[in-house]
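# Structural overview
These are the residues of each chain, in order.
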Amino acid sequence: GDPEAPFQMLVSSVDYNDFVGRIGIGRIQNGVAKVGEEVVVCDWHNPDLKMRGRLTKLYDFQANGRQPCDNITAGDIVAFSGLPDVTIGNTLCSPSNVEPLPFVKINDPTVEMTFSVNDSPLAGREGKFVTSRQIRDRLQKELLKDVALKVEDSATTDSFRVMGRGEMHLSILIETMRREGYEFQVSTPHVLNKTIDGKLCEPIERMIADVPEASVGSVIDKISQRKGDLVSMTPIGSRMRLEFLVPTRGLFGYRNEFLTDTRGEGIMASTLDSYAPVKGEISRRLTGSLVAFETGETTAYGIGGVQDRGSMFIGPGVEVYAGMIVGQCNRNEDMAVNVCKKKQLTNMRAAGSDAAIRLVPPVVLSLEQCMEYLADDELLEVTPKSLRMRKRQLDHAARMRTLMKSRQ
């Protein structure tokens, strides 16, 4: 940049501090920034924006922290405060030369999840912040430094619609909140559709996959089942680079399948490409869940009698409640199981008379894997120490009644 030219700076990131408010971060393109200097905020995509303000604080980046300073010249990265409404993509200019810098427009959110107060039987045991007011305040605080996030109140007072740029965007927020001591529930992710020219359109992702040649067929087959279209196929040595246009909802739950099909050697990445008319129904999961039938502590005897019906998510000695998901069923239906069953000891049957029970190690799911696994009638209970999947309706009889009504 030119230090002698009028001041010009593009805001590339934002932060928040309880003492000075919103902090803007960026690189000075031209000129010199000084404390107390008057600036004009403008935007490349919004010609009407002309907001005046003053730089009350300047911070230089040194080592791992920010140090206050009086002035910084062109080419340096600087943080500033004093402009409460500044956001990513705005340009700070000298009043004598108001000229915005070009910037890529931030796209609208494509995925939403419902964050709600944890109402499971084990609620409040592990979290520090559990009320709807605490969750609302934390989400509002996140909005101050994450401009791609949107939060709205839902129909009930204890739940909120949280909209972001994808599953990973929202999973980072969930993981951050649970590490801070928050306890809450989240629903399965849903895409945000738009009505364009009278037609209902859904977000389409441009997905690029780098896979071994032996896995190309299975990857193309799986993506085509999820309404994806192959755009290009380029050989790179012994590997193949595949490019697809696939609906955002078609990628829900696909990452685990992708790693399995490519034996862990595949690499995939996706970004929002466009909006297109909704492509019809996409089947997300072909298996049901193993649901705990009663509340208690799991036993090796109980799990040993159930593990042949699917893969277990928990081992013995774990506290469960009725309606909690304890495994994945082999069949395409939910199955209520008793994993708390104890061996009844009588004078005809001693404790060591039976053969030793051999348990298959449980499959421990990460946060992203839990979010991908969830069905529409299931919730994920997030606490600082645990991730528990559960049915939205915990009572088994009530779930059966709802199922029968839906089949009539």
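Figured I'd write up the structure that's included with this text.

Rules used in this analysis
- Counting from 1, residues in each chain are numbered in the order their sequence is written.
- Confidence filtering applies because this is a predicted model: local features only for residues at pLDDT of at least 70, side-chain atom pairs given and counted only at 80 or more, and all residues used for totals across whole chains, interfaces and linings.
- Computation of side-chain values covers all heavy atoms of the structure but excludes hydrogens and water.
- Here, nonpolar core refers to any group of buried Ala, Val, Leu, Ile, Met, Phe, Trp, Tyr and Cys residues whose side-chain atoms link them within 4.5 Å.
- Each residue is assigned to one of three classes by its accessible area relative to the maximum for its type, calculated with a 1.4 Å probe on protein chains only: buried under 20%, partly exposed between the two thresholds, exposed over 50%.
- Strands are runs of DSSP state E lasting at least two residues, helices are runs of H or I lasting at least four, and both sets are numbered from the N terminus onward.
- Whether two residues are in contact is decided by their heavy atoms: any pair within 4.5 Å suffices.
- One requirement defines pairing of two strands: DSSP has to find at least two bridges between them.
- Orientation is described by lines fitted to C-alpha atoms, with helices fitted over the stretch in contact, and by angles between N-to-C directions that extend from 0 to 180 degrees.

### Some details on the nonpolar core
- Phe115, Leu139, Ile174, Phe184 and Leu380 are the most contacted members of the largest nonpolar core, which has 29 residues in total.
- Residue assignment for this core shows that the elements contributing at least two residues are β11 (111-116), α1 (132-143), β13 (159-164), α2 (167-179), β14 (184-187), α6 (367-373) and β27 (378-382).
- Excluding residues within four positions of it along the chain, Leu380 makes contact with Phe184, Gln185, Val186, Leu367, Cys370, Met371, Leu374, Leu387, Arg388 and Met389.
- Core analysis: the next-biggest nonpolar cluster, separate from the first, contains 19 residues, Val11, Ala33, Leu83 and Ile88 among them.

### Topic: the sheet that holds strand β5 (residues 51-54)
- Pairing in this open sheet of 8 strands is antiparallel, and the strands run β5-β4-β10-β1-β2-β9-β6-β7 from one edge to the other. Either end of the sheet is taken by a strand with one partner, and the two such strands are β5 and β7 (65-69). Across this sheet, the average inter-strand angle for adjacent strands is 40 degrees, counted without regard to direction.
- Pairing of strand β2 (residues 21-30) with strand β9 (residues 77-81), which is carried by 5 bridges, proceeds in the antiparallel orientation. Each bridged residue has a counterpart across the sheet, and for Ile25 the counterpart in β9 is Ala79.

### Digging into the side chain of Ser171
- Summarising the element assignment, Ser171 is placed in helix α2.
- Among the residues examined, Ser171 registers a relative accessible area of 1% and is labelled buried.
- Those residues in contact with Ser171, other than ones at most four positions away along the chain, are Leu367, Glu368 and Met371.

### Some details on the sheet that holds strand β26 (residues 335-337)
- Strand order in this open sheet of 4 strands is β23-β25-β21-β26, and the pairing throughout is mixed. Unpaired on one side and paired on the other, β23 (310-312) and β26 mark the two borders of the sheet. Ignoring strand direction, the axes of neighbouring strands in this sheet form an average angle of 35 degrees.
- Alignment of strand β21 (residues 289-292) against β26, held across 3 bridges, turns out to be parallel. Bridge assignment links Leu290 to a residue of β26, and that residue is Met335.

### A short note on the pairing of β11
- Buried residues dominate β11, accounting for 5 of its 6 residues.
- The pairing of β11 with β13 spans 6 bridges and is antiparallel. Considered in β13, the bridge of Glu112 is made with Met163.
- Strand direction decides the pairing type here: β11 and strand β15 (residues 190-191), joined by 2 bridges, are antiparallel. Along β15, the bridge assignment pairs Glu112 with His190.

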